[in-house]
Every structure is written in structure tokens, then in C-alpha cells.
Amino acid sequence: MKTIINDTFMLKTDTARKLYHEHAESMPIIDYHNHLSPREICEDRMYENMTAVWLGGDHYKWRAMRAMGYPEELVTGVTVDMSGSENKAEKDYKRFLAYADTVQSCVGNPLYHWTHLELKRYFDIDTALTPDTAEEIWDECNQKLKLKEYSTLNLLRRQKVKVLCTTDDPIDDLKFHKEIAGKISDISVRPSFRPGNVLDIEKDTYNNYIKKLEEASGISISDVEALLEALKIRLKYFMENGCRVTDHSLEGDFFRRTSKEEVNRIFRKRMEAATDSEGLSPNPLSVDEAAAYRGYVMGELGKLYAEDGLAMQLHIGAIRNNSDRMFKLLGADTGYDSVHDMNYAPQLAELLNSMDKEDKLPRTILYYLNPKDAAMLMTMAGNFQGNSEGIKGRIQLGSAWWFNDHKNGMRQQLQAFSDNGVLATFIGMLTDSRSFLSFPRHEYFRRILCDMVGDLVESGEYPADMDFLGKMIEDICYNNAQKYFRF
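What counts, and at which threshold
Residues numbered from 1 in each chain as written. Predicted model: local features only at pLDDT ≥ 70, side-chain atom pairs only at ≥ 80, totals over all residues. Heavy atoms only, no water. 1 Å grid on protein atoms, 1.4 Å probe; cavity = no way out; pocket = protein on both sides within 12 Å on 5 of 7 lines; lining within 4 Å. Points joined across faces, edges and corners; volume = space filled by probe spheres on them. Helix = DSSP H or I, 4+ residues; strand = E, 2+ residues; numbered from the N terminus. Nonpolar A, V, L, I, M, F, W, Y, C, P; charged D, E, K, R; others polar. Buried < 20%, exposed > 50% of the residue type's maximum accessible area, 1.4 Å probe, protein only. Polar contact = N/O pair within 3.5 Å; in protein donor to acceptor, adjacent residues only side chain to side chain. Contact = heavy atoms within 4.5 Å. Pairing = 2+ DSSP bridges. Axes fitted to C-alpha atoms, helices over the stretch in contact; angles between N-to-C directions. Core = buried A, V, L, I, M, F, W, Y, C linked by side-chain atoms within 4.5 Å.

A. Focus on the layout of surface pockets. Its volume calculated, the largest pocket comes out at about 1,200 Å³. Sort the elements by how many residues they give to the lining of the largest pocket and strand β5 (residues 245-250) lands first, with four residues. Taken together, the residues that form the lining of the largest pocket break down as eight nonpolar, 15 polar and 18 charged.

Below is the structure:
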């Protein structure tokens, strides 16, 4: 049985097909937010089989396989009982078979589309993945993975990836980014500055992390002024190594009106908390104290970003590590996160306004995880758009993120952007992925974009101005991001 991937896939109208094939299809890729490993890129890793490249680190697939009732040893390969004698190759094949069974059942799930786009674009396979075809596909893909043209770097080249931004902690030495920059000229791999461990003052690891930040920055951190100076030093180091993007995850209260004096009191109270034998210090702060600290530090960081022309990403609304049992077994980012129902519009307005009052609000991208927040964030962006630098769409509604990066979610995000903004200024798609086979998701987005615009033209809601629309599609796919991030 052939796959559904063909020239007209997801393109219902003649206008959509023309926009996609004449404009979107050939554009290179800028992936400005992902969780790929710079080490694997630097070492140009080769993958031993399809399980390693497909199921390693991909919690989208893991969640679906768990829903099919498969045990964890066939999902992530981890099991509490390590006494089995089965070798790794046999186990990897069984895991692949489990995924083949799962994907056949993913009717309406984007995993079905992504899986077959990846088989087609990387391996030129037109056969639908099912338990019956799994062995044939396993053998064919694994033979190709032995070839040098299927190394990590060459997988990126196959999809015309020009720029990708990894996600990195302020204390990272960026060793692999430096090595990549010194030996690879056709793909730009840039770090993103993600100070989550500084902002998450409630974590038991906070005090220990501040000590590590002291070592990395060479600054003794006794108050918030010193903390910000240490972060400024690390931010400068990141920029020297190509950083143009910052990233923040907001998962609870994140702003209270406060003063520098109050934040210093909160910081000292946190740092004076007792440390146990494992180096952990339980959190002594109230929700209001933590939110006051977080909002103040984020506002001050945002002003630094504005001065340096960096973009600030705010990913809002995840509730993480919901299963204590599985967190103990697998750790974070393993598929046990979900959509939060927090209400945060007043806090976000005050956070953005705290920077805007001094005309130091940076380029800002607002991502929602809960679909209810789409219109709220898009209209919030409109409150702060004006700027003297001529930046189009300075405040953006971010690409459909995580639990929204399916057909309906992408259409909703594009509709929200169009309803209350200027679609032509959108900076387009990102993968937010841990998989080097994930880049056909850009194609998925581009087809949905062209299909939506094609619908507007053919229903008489926008003229068939193909010169303008073709350029707009190219801009959204690539050019807008290149200009916005100053790549």
C-alpha cells in the first residue's frame, strides 16, 4: 500500500498547489528553536538503525506507543527489570515493530503524516508503514543509514537546513558550537540563551546552580545586581558565539509588582536556605515571592536583550512531570507533560509593560500551549508593536507549539495571527524537536499555510495576486526569520 504523500498532499486547490510548488517548496529552512544535540552535530553522528534515529528522545512517539498499551521497554527501551538476556539489536527491532503498529492506528494524528513524510523525504520510501511492511522498511532504511550521506550533518543538508538554534544553559561552555563554527560553513548552528535555572528559584537545585553560575562568570553573586552582572557576562559570551535568540518557559505565576530592594530580600532568603546532604536546598519562598523575583529578573534580562537586538521567546503553559513514578524512572522531557489551564494575561501585560515603559522591550515571540490563549496572545502582541527600527512584527504570536503542531493547531495559529495581526510579517515554523529526522515538519507547515491562503483566494476573500502572495509565502517560510533574528 502506497503512502498518502504526493504532490497534492494537503493542497486542496489549484492556488494552494501553485503557491507551494512555485514558492514554498524550494525555500531553505531556518529552525530557530529546537532541542537537538550540538555534540551529535559536531561529531557528525551515524545512527545504527531506525530505532536509534526515530525513537531516541522523541516523546511524541513515546506517548502514542504508551496509549497503545506497550510497556516502557518497547517505548524508551528502559525497564525496571534489567535481568533480560535479549540483545540490543533484537530489542530495537521489537521497538520498531511496536511503533509500526502504533503509527498505523494514528488516524488523524500528525505522527502519521510526519512518519510518512520522513520515510519519503529521507529514504525515498512510498510504502505505508504497517506491521506487515515493517520488516521491509526496517531493512531498507537501515542499509541506507550505514552510508555517510545519512550522517547527522547530511540529514540536515537533505532538508536544506541553513540555520538551527539549539537550547543552551547560560553556564554551557559552548564547546561544540565553537567546533562546528570552525569546520562547517554551510550550516549555521547557533546557541540560544535559556536562563531557566536562574528563573526557577523554587527548585531545590537553585542554590547549587548559582554557585555554578559564579564559576562560569567569574562573579561572586551575593545580590540580584551581581546575579544580573553574571548573566550579562554569559550573554555576551553567547553572542560572541552566534547567539541571536533567547528562550524562557513560563509554567506558573511569573510577575508581581516589586522593587529591587524586595527582590534582593527574596534572593537572600533563598540563598540562606539550608542545604541537605545531597546538595539540595528546599524552597522557603511563597508563590508571590517567587513570582516577584522571576518577573523582575526577566524584565531586566529583556532590557539587555533589547540593547543587543536579541529575540526573547516566551513558551507559556506547560504543566510538567505529572507522573512522579515515571519521573523517578526516566527523568524530565520523557512524555509526561501536558497543557496547563493557567490564566496569565494581566501578568504578561505587566511584564511586557515593565520593559516597554523604558522603550526596552525586545523582539518578543509569545507561544501558547493551551489553544484558549491564541487570541489573547495575538491581541497582547498588538499592544506593543510600534518601534522606531522598522521591525515588522516585532512582537509575534509564535508558531503552533508542541501539542498544537498538527493541522488544526497550525490553522488555528495562522487564523489567530490573521484575525488580529498582519500575516505577512509572520516568522514561520520551528520544530521544537529532539529528532534529526523532524525537518519535514517544515514542509507540513508550508503545505498547511499554502492551503489556507489558497482557500482565501478561491473563495473570493483575497484577490489572486500571485506575485504578492508568492513573495509572502517565501517570506514566511524563510526571509522573515532571517531578517527578524539578524541571521
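B. Expanded view of the side chain of Asn 34. Tracing the chain through its elements places Asn 34 in the loop between β1 (29-31) and α2 (38-42). With a relative accessible area of 0%, Asn 34 lands in the buried category. Within the structure, the side chain of Asn 34 is placed 2.8 Å from the side chain of Asp 31, a separation counted as a polar contact. Other than its neighbours up to four places away in sequence, Asn 34 contacts Leu 164, Cys 165, Thr 166, Thr 167, Thr 431, Asp 432 and Ser 433.

C. Representation of the sheet that holds strand β4 (residues 192-193). One open sheet holds the five strands; their spatial order is β4-β5-β6-β9-β10, and the pairing between them is parallel. Strands at the two margins of the open sheet, each flanked by one partner only, are β4 and β10 (395-397). Bridge count for strand β6 (residues 311-316) against strand β9 (residues 363-368) is six bridges, and the pairing is parallel. What sits directly across from Gln 313, in β9, is Ile 365.

D. Up close: the sheet that holds strand β2 (residues 161-165). Spatially, the three strands line up as an open sheet ordered β1-β2-β3, and their pairing is parallel. The strands lining the two open edges of the sheet, one partner per strand, are β1 and β3 (188-190). For this sheet, the mean inter-axis angle between neighbouring strands, taken without regard to orientation, is 5 degrees. Here three bridges tie β2 to β3, and the two strands are oriented parallel to one another. Along β3, the bridge assignment pairs Val 163 with Ser 188.

E. Up close: the pairing of β9. Among the six residues of β9, six are classified as buried, and the element is accordingly described as predominantly covered. Because side chains alternate across β9, one face comprises the buried residues Arg 363, Ile 365 and Tyr 367, and the other comprises Thr 364, Leu 366 and Tyr 368, equally buried. When β9 meets β10, the two strands line up parallel, connected through three bridges. In the sheet register, Ile 365 faces β10, and the bridge partner there is Gln 396.

F. Quick look at the nonpolar core. Tyr 32, Met 50, Phe 123, Leu 129, Leu 227, Tyr 293 and Leu 348 are the most contacted members of the largest nonpolar core, which totals 158 residues. Setting aside residues up to four positions removed in sequence, Phe 123 forms contacts with Met 50, Glu 118, Glu 140, Cys 141, Lys 144, Leu 145, Tyr 150 and Leu 437.

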